[in-house]
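In case you want the letters, here they are:
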Amino acid sequence: MNPQAKLIFALSLTLGTTLTISSNHWIMAWTGLEINTLAILPLISKSHHPRAIEAATKYFLVQAAASALVLFSSMTNAWHTGQWDITQLSHPTSCLILTVALAMKLGLVPFHFWFPEVLQGSSLIVGLLLSTLMKFPPITLLYLTSPSLKPSILTTMAILSAALGGWMGLNQTQTRKILAFSSISHLGWMAIIIAYSPKLALLNFYLYTLMTAAVFLSLNSIKALKLSTLMTTWTKTPSLNAILLLTLLSLAGLPPLTGFLPKWLIIQELTKQEVALAATIIALLSLLGLFFYLRLAYCATITLPPHTTNHMKQWYNTKPTNTMVAVLTTMSLMLLPISPIILAVV
C-alpha cells in the first residue's frame, strides 16, 4: 500500500478515536465511530485476497448496523428528554438499544460472530488494531453511560462472553482466531465490572491492550499464523519464544505477572458489591482461557511437531528484536509489583 495512503488512514483512525472519546454530544461521538470504520476498511482489504474482502464486508455491515443503533438510541433519548449529552442517557429503551449497539461494536456475546472471522481475514497488525484501538471508542462510550445501563444485562453478556470466548478458543489452530476468542473473553471481564467500577474496567482495558499488543507483535515478528508454524519457530528466535510463553501466561492472568492484577481487582470489587456468585462463575470460566493460552505457550516453546519433515526448517536468526516488542513484553510481565502506584494514578 502507498505510504501516503497509509498515513491518511492512520491519521483518520487517530481523528475518529479522539473525536469519540472527547465528545459530549452524541452526533460527534457517532461521527468519530463512522470515521474509524471507514478508515480501517481499506487496511483490512488491502491484500485483495477473497478472505480479506469478505472480512472487510462483514466488518462494514456489522459496524454500520451498530452505528445506526447508536444514532437511533441517542435520537430516542433526545426525543423523550431533550438531551443530546452522552452522560444524560436516561430513557430505558435508549439504554437497552445502546447496550446492544456497543455490544455489537465490541463483539460481546451474543453479537460476537463477526469478530473471529474478520480477524482471520486480516493481517496480524490490522488484527492488533481491531482488537485494541478500534475497541477504545465503544469502551469509552460504555464508560460514560455506565450509570444508566442495567448491571443485570451487562453481567449476563459478560458471563456468556467469558464462557464462549474460552470454549470456542479450545478447538482453534489459527493464532488470529485464538486471539479473537481471547479478546471476547477479556471483554467479558470489562463488561461485568463497568457498572460497578468504570475506572477498573478502563484499567483492565489498558492492561489488556498492553499484553495483546505484545503477543500480536511477537507473532508478527516470527510470522506465525498457525500453531504448526509456531511449533518450528524456536529455531528462528528462541529468546522471543521464551518471552512469548511468559506473555501468554500473563494474558491468562497467572500471578505474579501483570495480567493477574485486573482479574484480582475485579474479583475483589465484585465481592464487595455482593455479587460473589458472578465473580465465582467468571473466575472459573477463565480456566477455559488458561487452557488455550497454555496450548499456545506449549506449541511455542516446549514441543516439536510430530512430523518435522513436513515443515521447512527456519535458520537461526540473529536479527535484534523490535524495541517496541521488548518494551511491551517487559511491561506485560513486571507491572504487578507496582500495582499500588498504578491504582493511585487511576
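Every value quoted in this text rests on a predicted model; they were computed, and no experiment measured them. (Residues numbered from 1 in each chain as written. Predicted model: local features only at pLDDT ≥ 70, side-chain atom pairs only at ≥ 80, totals over all residues. Heavy atoms only, no water.)

## With respect to the nonpolar core
Our working definition: Nonpolar cores were defined as sets of buried Ala, Val, Leu, Ile, Met, Phe, Trp, Tyr and Cys residues, with membership established by side-chain atoms within 4.5 Å. Accessibility here uses a 1.4 Å probe with only protein chains present; expressed as a share of the type maximum, an area under 20% marks a residue as buried, one over 50% as exposed, and anything in between as partly exposed. Helix and strand labels come from DSSP, where a helix needs a run of H or I of at least four residues and a strand needs a run of E of at least two; each type is numbered from the N terminus. For the purposes of this description, domain bounds are those given by an automatic or database domain assignment. Every residue pair with non-hydrogen atoms within 4.5 Å of one another is taken to be in contact.
One finds I40, I44, Y59, L130, I192, L219 and L230 to be the most contacted residues of the largest nonpolar core, which totals 104 residues. For this core, the leading source of residues is helix α10 (residues 198-221), giving 15 residues. Three or more residues apiece are contributed to this core by two domains, here domain 1 (1-123) and domain 2 (150-345). When residues no more than four places from it in sequence are discounted, the contact partners of I192 are T155, A158, I159, I266, L270, A278 and I282.

## Thoughts on the environment of I338
The topology assignment puts I338 in the loop between α15 (323-334) and α16 (339-345). Taking the C-alpha atoms as reference points, I338 and T258, 80 residues apart in sequence, are found 9.6 Å from one another.

## Description of the pattern of salt bridges
Between side chains of opposite charge, pairing is possible as soon as their charged atoms come close. Heads up, the condition is: Note on definitions: salt bridges are taken to be side-chain nitrogens of Lys or Arg within 4 Å of carboxyl oxygens of Asp or Glu.
Enumeration according to the criterion identifies two salt bridges in this entry. Here K58 makes a salt bridge to E54, at a shortest N to O gap of 2.7 Å. A residue pair is termed a helical-turn pair when its members lie 3 or 4 positions apart in one helix, as K58 and E54 do in helix α3 (residues 50-81) at four residues. By relative accessible area, K58 is classed as partly exposed at 29%. The exposure class of E54 is partly exposed, given its relative accessible area of 40%.

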